[in-house]
Amino acid sequence: MPRKTIMPNIAYDTQRRSYYVTMRARPRGGGAPERAVRCYPTLEEAIQALDRFNSGRILEQSGERSLTVGQWLTYWLEQVITPSRSASTIHGYHMIIRNHLAPALGAVPLDRLAAPQIQRYLNQKQEEGLCGNTVRKHYGLLHNALEHARRQELLSRNPAQWVFPPSSTHPTHHFYDGSTMSRLFELVSGTSLEPVVKLAGYLGLRRSEICALKWGHVDRENRVITIAEARTAVNGRTVDKGTKNRSSMRRLGYRGLADMEELMERLWAQRQEEMARLGVWYADQGFVICHSGGLPYQPDYLSNRLRRVLQGADLPYVTLHGLRHSFASIAHSRNVSLFAISRALGHSSTNTTTKIYMHLFDETHLSVVQEVGRAIDGAG
């Protein structure tokens, strides 16, 4: 048979290359369960459809028997998180629940979940090799979901509040100084990677912001770029969305920066030439950074391009996000204030900037101590 079951209630049809979801529910008035089958083009869509169907039945069942942790997490993700969060956040939560929390704790009755069980789960995940920051994300998700259950009076208290998550760790950031950044600019000069690298290095843009930048947000007359959108990849699909937070929406001027002025005018001229040459075949979506012909780049494509270029060059390893860190490091080395750096990067507060760039401010503290020491030694 062409249709094979690959997961409970989900089958794959090898001929039609489609996923079929079987949904069963018992009528409220009793009687035999009703059955419906729906078809979806991808496994991800099939799983999400089944989750939506199951979540709609969960609270109805709560009067009949105790909910399990897995059932509540499904309901919480679909009914509480999905309406208000971005596609990337929803996908990340879905993967944590599906691949980790549900297999480990999903069968436990919600009202019998205890702090020691959660603590063992967190410890086990670290033993499996997950880093502390990742395990803390698992803890945060579970804590929030259980807190919502407590507010719904499904729990008398939140057992996660008695658990100790692992300590957070600061990731190692690779970044360039001014001279190394200049060498990178020379390396990519004249290539399609040049505008990508310079938008990250000169303006400190995130990869998602570079991919989403459109000419409608570029004021060529006043030399100002407005960061208002982001473009990222979720489970192999590109998703256009708003910026990370309200502070991420910002205006960055490049007037007086001759290299950036020349670059943006060159990109605009190239676009006009391609539109005239290709006519209706030019896929004009308004993107600044795009393939010849107008189609935008996939975010991972740009990261892979940079990695391949650096592999054959005499330059240290760095990522596109590392170029954003380089922007902050170079600004700090030129005595730019923390507040100004934070605003340019689009951080929600200077606290965020301090946490990410602690290594920079440790050096500042050292220089302060050294200056004080010299003053005291000179007075003695």
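The structure under discussion appears in the preceding block.
Just so it is clear, the model here is predicted, and its values are computed rather than measured.

As a further point, take the pairing of strand β2 (residues 10-13). For strand β1 (residues 3-7) and β2, the ladder comprises four bridges, and the chain directions are antiparallel. Of the residues in β2, the one forming a bridge with T5 is A11. Counted between consecutive antiparallel strands, the loop separating β1 from β2 contains two residues, among which N9 sits at a positive phi close to 70 degrees.

Below, the discussion takes up helix α10 (residues 299-311). Between its first and last C-alpha atoms α10 spans 19 Å; for 13 residues at 1.5 Å apiece the expected length is 18 Å, and the two agree. Every buried residue belonging to α10 is among P299, L302, R305, L306 and L310, and all of these are buried. Around the axis of α10, the buried residues are gathered within 130 degrees of arc, so they sit on the same side.

Turning our attention to the sheet that holds strand β6 (residues 224-227). With antiparallel pairing, three strands are arranged side by side in an open sheet as β5-β6-β9. Unpaired on one side and paired on the other, β5 (218-219) and β9 (250-253) mark the two borders of the sheet. Looking at chain direction, β5 and β6 are connected through two bridges and run antiparallel. Looking at the pairing, D219 lines up with V224 of β6.

Considering all chains together, one arrives at six aromatic pairs under this definition. Between W76 and Y93, the aromatic rings sit 5.9 Å apart at their centres with planes inclined by 15 degrees, giving stacked as the arrangement. In this pair, W76 is assigned in helix α2 (residues 69-81) and Y93 in helix α3 (residues 87-105), connecting sequence segments 17 residues apart. An identical accessibility class is assigned to W76 and Y93; each is buried. One Lys or Arg, R3, reaches over the ring of Y20 and ends 3.6 Å from the middle of that ring.

In this structure the tally under the stated criterion is 16 salt bridges. R220 is the partner of E265 in a salt bridge, and the nearest nitrogen-oxygen pair spans 2.9 Å. With a gap of 45 residues between them, E265 in helix α9 (residues 258-278) and R220 in the loop between β5 and β6 connect regions that are remote in the sequence. Among the charged side chains, a salt-bridge network with shared partners connects E194, K198, D259, E262 and R266.

This next bit is on the nonpolar core. The biggest cluster of nonpolar side chains holds 41 residues, and the ones touching the most others in it are L184, L199, I225, M264 and L323. Among the elements of the structure, α6 (178-188), α7 (194-203), α8 (207-212), β6, α9, α10, α11 (320-333) and α12 (338-345) are those that each provide at least two residues to this core. Those residues in contact with M264, other than ones at most four positions away along the chain, are W215, V218, I225, Y254 and V288. Core analysis: the next-biggest nonpolar cluster, separate from the first, contains 31 residues, W72, V135, Y139 and L146 among them.

Time to look at unusual backbone geometry. Backbone geometry at R223 places phi at a positive 60 degrees, although glycine is not the residue there. Within the secondary structure, R223 is located in the loop between β5 and β6. With phi around 65 degrees, N335 is a residue other than glycine that occupies positive phi space. The class of N335 is exposed, set by a relative accessible area of 71%.

Analysis parameters
- Residues numbered from 1 in each chain as written.
- Predicted model: local features only at pLDDT ≥ 70, side-chain atom pairs only at ≥ 80, totals over all residues.
- Heavy atoms only, no water.
- Pairing = 2+ DSSP bridges.
- Helix = DSSP H or I, 4+ residues; strand = E, 2+ residues; numbered from the N terminus.
- Expected span 1.5 Å × (residues − 1).
- Buried < 20%, exposed > 50% of the residue type's maximum accessible area, 1.4 Å probe, protein only.
- Arc of directions from axis to C-beta.
- Phe/Tyr/Trp six-rings, centres within 6.5 Å; stacked < 30°, edge-to-face > 60°.
- Lys NZ or Arg CZ within 6 Å of the ring centre and 35° of its normal.
- Salt bridge = Lys/Arg side-chain N within 4 Å of Asp/Glu carboxyl O.
- Core = buried A, V, L, I, M, F, W, Y, C linked by side-chain atoms within 4.5 Å.
- Contact = heavy atoms within 4.5 Å.

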